[in-house]
Amino acid sequence: MAEISMENLLRIFTVPEAPGSTLNRLDNDISANLAGFLQEHIVAEEADLVKIEQDFNDTRIPEDPIFVSEHAEFLLDKVVAQSVHTSSPSFVGHMTSALPYFMIPLSKIMIALNQNLVKTETSKAFTPLERQVLGMLHRLTYGQSSEFYDTWLHHGRKRLGAFCSGGTVANITALWTARNRAFGPDGNFPGINHSGIFGAMRHYGCEGAAVLVSERGHYSLSKAADVLGIGRENLVSVETDSHNRICLDALERKIEELKQQRIRPFALVGIAGTTETGNIDPLDKLADIAEAHDLHFHVDAAWGGPTLFSDRYRPLLKGIERADSVTIDAHKQLYVPMGVGLVLFRDPSMLESIEHHAQYIIRQGSKDLGSTTLEGSRPGMAMLVHAGLKIISRRGYAMLIEKGIELARRFADRIASLEDFELVSEPELNIFTYRWVPAEVQARLRDADEGQRQRINEVLSRITQAIQKEQRERGKAFVSRTRLKPECYGQQAITVFRVVLANPLTTDEVLREVLEEQREIAAGMKDSANMQELMGLVALPA
Ligand SMILES: *Cc1c(COP(=O)(O)O)cnc(C)c1O
């Protein structure tokens, strides 16, 4: 046990760890060889979460200090060892992947500086830097003139967007702005931001307010509907076509239905890279519809935004430049560490609708970014986004994006060509879904009646789930799973594997091994109840 004394406490604020200390050794190992460090210290095979919980059971705050080295040992043993190897080339199930090595020492510098972007008094150069990054991504998205950026980039009252902790807060910020503008001040009515939702509905003569998005919309949008007081029911989900893109007819119908119920739609969300299937809504057509019905048009490009770097694939997002606001997550395809996203606004005045001031801190007319962000104190993550944009560059990001999309295309083609796998959703970007289905079952699914088909799909869903879980537990590779209702099975919900191919170190060979392991796991389940049931169903006469 270490000794408690003011002298020792002061030491932790001033004196770094000795060169040979455990913490220092860890730090050096990470700097010298990050991949090696992770490979060495993360235990591949999954331990039961309930068992891990036992290491974190004590709710008493220690009365007495321990040595830093002792704590470092604990971390290595109980936390690092039991964390997830997100940067592994065979971890292809989620949107969190490898980081460029320079992000790690830069993160340390950012933390050492400990700037707070809520106000310039605690951030100085970080504020113009953050604005520059917003300007760069605004220009990438909206492509305005140099004069536009010269005028607005560092303007006192206007902002091109807002940094935040991720896509969720970015989406909330966009819809918050949309809500406040749709139900803004009008005659004696001071605006929804002052009087709240009841007053706004009374003044504007409606029974509710709604946001429309396809059924592939991210769940952060329903959090936004809840937080903004319009209610989750009024996040209206619109059906999608066989490519997981919003159906425009259905959208128009929903808008009319809402209006008949005197519920006012005020925002339409298009998705550029759906979380589950990586598809892109027809943004240009959505922009037309938003314009016709006077809706705020928001594009959730949390995942797909960086596709704009690629001249080859940028056309897939055509229409995004007509959006009122756009969400982009930096901790996804900008390869910045977890905890940073941003929302851009085409019109630099839009964020004024959510502006807040306080005398001691974010004063009227100051350049403090805290007046137009949902969050208060905020770290200098923009420094890392800025570093990525400069060190990797537009062309570098384009190559990474293109590599992911092309890898996904090859992997999907391979799956489609195999007898014992079924491609469920085609990749448009670098995400798609598939499942394991033996050839004889595939044949049977084609000629089965609806009842049989449903029973077969139910068993297959249980098997898909079991394979995914077993593969994850083995710890060599990871794909995620989700539930989709593909048109080819009459909207029946089925469980599928989902792959996200954003790690530049993932190769065709790695993916071949992922499939091989899934096949092997399936073979190992030959005698399971599910597999017996599946074979029984296939053997039945049609
Ligand atoms: C990831 C994602 C979000 C949410 O972003 P977080 O950073 O997890 O808060 C929102 N929308 C889409 C399309 C996403 O892929």
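Cut-off values and rules
Residues numbered from 1 in each chain as written. Predicted model: local features only at pLDDT ≥ 70, side-chain atom pairs only at ≥ 80, totals over all residues. Heavy atoms only, no water. Helix = DSSP H or I, 4+ residues; strand = E, 2+ residues; numbered from the N terminus. Rg over C-alpha atoms; globule rule 2.2 N^0.38 Å. Buried < 20%, exposed > 50% of the residue type's maximum accessible area, 1.4 Å probe, protein only. Areas by Shrake-Rupley, 256 points an atom, 1.4 Å probe, with all protein chains shown as cover. Lys, Arg positive; Asp, Glu negative; His and termini not counted. Charge placed at Lys NZ, Arg CZ, Asp CG, Glu CD. Near = heavy atom within 4 Å. Polar contact = N/O pair within 3.5 Å; in protein donor to acceptor, adjacent residues only side chain to side chain. Nonpolar A, V, L, I, M, F, W, Y, C, P; charged D, E, K, R; others polar. Pairing = 2+ DSSP bridges. Axes fitted to C-alpha atoms, helices over the stretch in contact; angles between N-to-C directions. Contact = heavy atoms within 4.5 Å. Expected span 1.5 Å × (residues − 1). Domains from an automatic or database assignment. Salt bridge = Lys/Arg side-chain N within 4 Å of Asp/Glu carboxyl O.

**Overview of the overall build of the protein chain**
For step 1, the next point in the chain: Scanning the protein chain for helices and strands turns up 19 helices and 11 strands.
For step 2, the next point in the chain: At 26 Å, the protein chain has a C-alpha radius of gyration in line with the 24 Å of a compact globule built from 542 residues.
For step 3, the next point in the chain: Dimensions of the protein chain, computed from C-alpha atoms along their principal axes, come out at roughly 80 × 70 × 45 Å.
For step 4, the next point in the chain: For the protein chain, buried positions account for 51% of its 542 residues.
For step 5, the next point in the chain: Counting only carbon and sulfur atoms, one obtains 53% of the accessible surface of the protein chain, whose full area is about 25,900 Å².
For step 6, the next point in the chain: Where the 59 positive side-chain charges of the protein chain centre and where its 72 negative ones centre are 4 Å apart.

**A few points about the site of the ligand**
For step 1, the next point in the chain: With respect to spatial proximity, 15 residues lie near the ligand, and among them Thr168, Asp300, Asp329, His331 and Lys332 are the closest.
For step 2, the next point in the chain: Note that a nitrogen atom of the ligand is positioned 2.6 Å from one of the side-chain N or O atoms of Asp300.
For step 3, the next point in the chain: Here an oxygen atom of the ligand sits 2.9 Å away from a polar atom, N or O, in the side chain of Lys332.
For step 4, the next point in the chain: Contact with the protein chains hides 87% of the accessible area of the ligand, taken as 380 Å² for the molecule alone.
For step 5, the next point in the chain: Ranked by residues supplied to the shell around the ligand, first place goes to helix H9 (residues 167–182) with three residues.
For step 6, the next point in the chain: Here the shell around the ligand is built from residues that sort into three nonpolar, nine polar and three charged.

**Quick notes on the sheet that holds strand E5 (residues 296–300)**
For step 1, the next point in the chain: Read from one edge of the open sheet, seven strands run E1-E7-E6-E5-E4-E2-E3, paired in mixed fashion. For this open sheet the edge positions go to strand E1 (161–164) and strand E3 (235–238), each flanked by a neighbour on one side alone. The mean angle between the axes of side-by-side strands here comes to 20°, regardless of whether they run parallel or antiparallel.

**A closer look at the side chain of Thr327**
For step 1, the next point in the chain: Here Thr327 shows up in strand E6 (residues 325–329).
For step 2, the next point in the chain: Within polar-contact distance, the side chain of Thr327 engages the side chain of Asn171 at 2.7 Å.
For step 3, the next point in the chain: Every residue in contact with Thr327, bar those within four places of it in the chain, is listed here: Gly167, Ala170, Asn171, His298, Val299, Asp300, Ala301, Ala302, Leu342 and Val343.

**A few points about helix H7 (residues 126–142)**
For step 1, the next point in the chain: The end-to-end C-alpha separation of H7 is 24 Å, in line with the 24 Å expected for 17 residues at 1.5 Å each.
For step 2, the next point in the chain: Of all the 17 residues making up H7, 13 are buried; the element is thus mostly covered by neighbouring parts of the structure.
For step 3, the next point in the chain: Once H7 ends, the next one or two residues include Gly143, with phi positive near 55°.

**Re the domain arrangement of the protein chain**
For step 1, the next point in the chain: For the protein chain, the assigned domains read domain 1 (6–83), domain 2 (113–391) and domain 3 (405–539).
For step 2, the next point in the chain: Summarising the inter-unit geometry, the C-alpha centres of domain 1 and domain 2 are found 38 Å apart.

**Remarks on the pattern of salt bridges**
Pairing of side chains with opposite charge becomes possible as their charged atoms draw close.
For step 1, the next point in the chain: Inspection of every chain in the model, using the stated rule, returns 34 salt bridges.
For step 2, the next point in the chain: A salt bridge links Arg157 to Glu355; the shortest N-O distance between them is 4.0 Å. Remark: Glu355 occurs in the loop between strand E7 (341–345) and helix H14 (382–391) and Arg157 occurs in the loop between helix H8 (146–152) and E1; sequence separation between them is 198 residues.
For step 3, the next point in the chain: Across the salt bridge formed by Glu516 and Arg519, the nearest N and O atoms sit 3.1 Å from each other. With Glu516 and Arg519 both in helix H18 (residues 508–524), this residue pair falls three residues apart, about one helical turn.
For step 4, the next point in the chain: What makes Arg519 partly exposed here is its relative accessible area of 24%.
For step 5, the next point in the chain: Connected through salt bridges with shared partners, the residues Asp284, Asp288, Glu291, Lys318 and Arg322 form a single ionic network.

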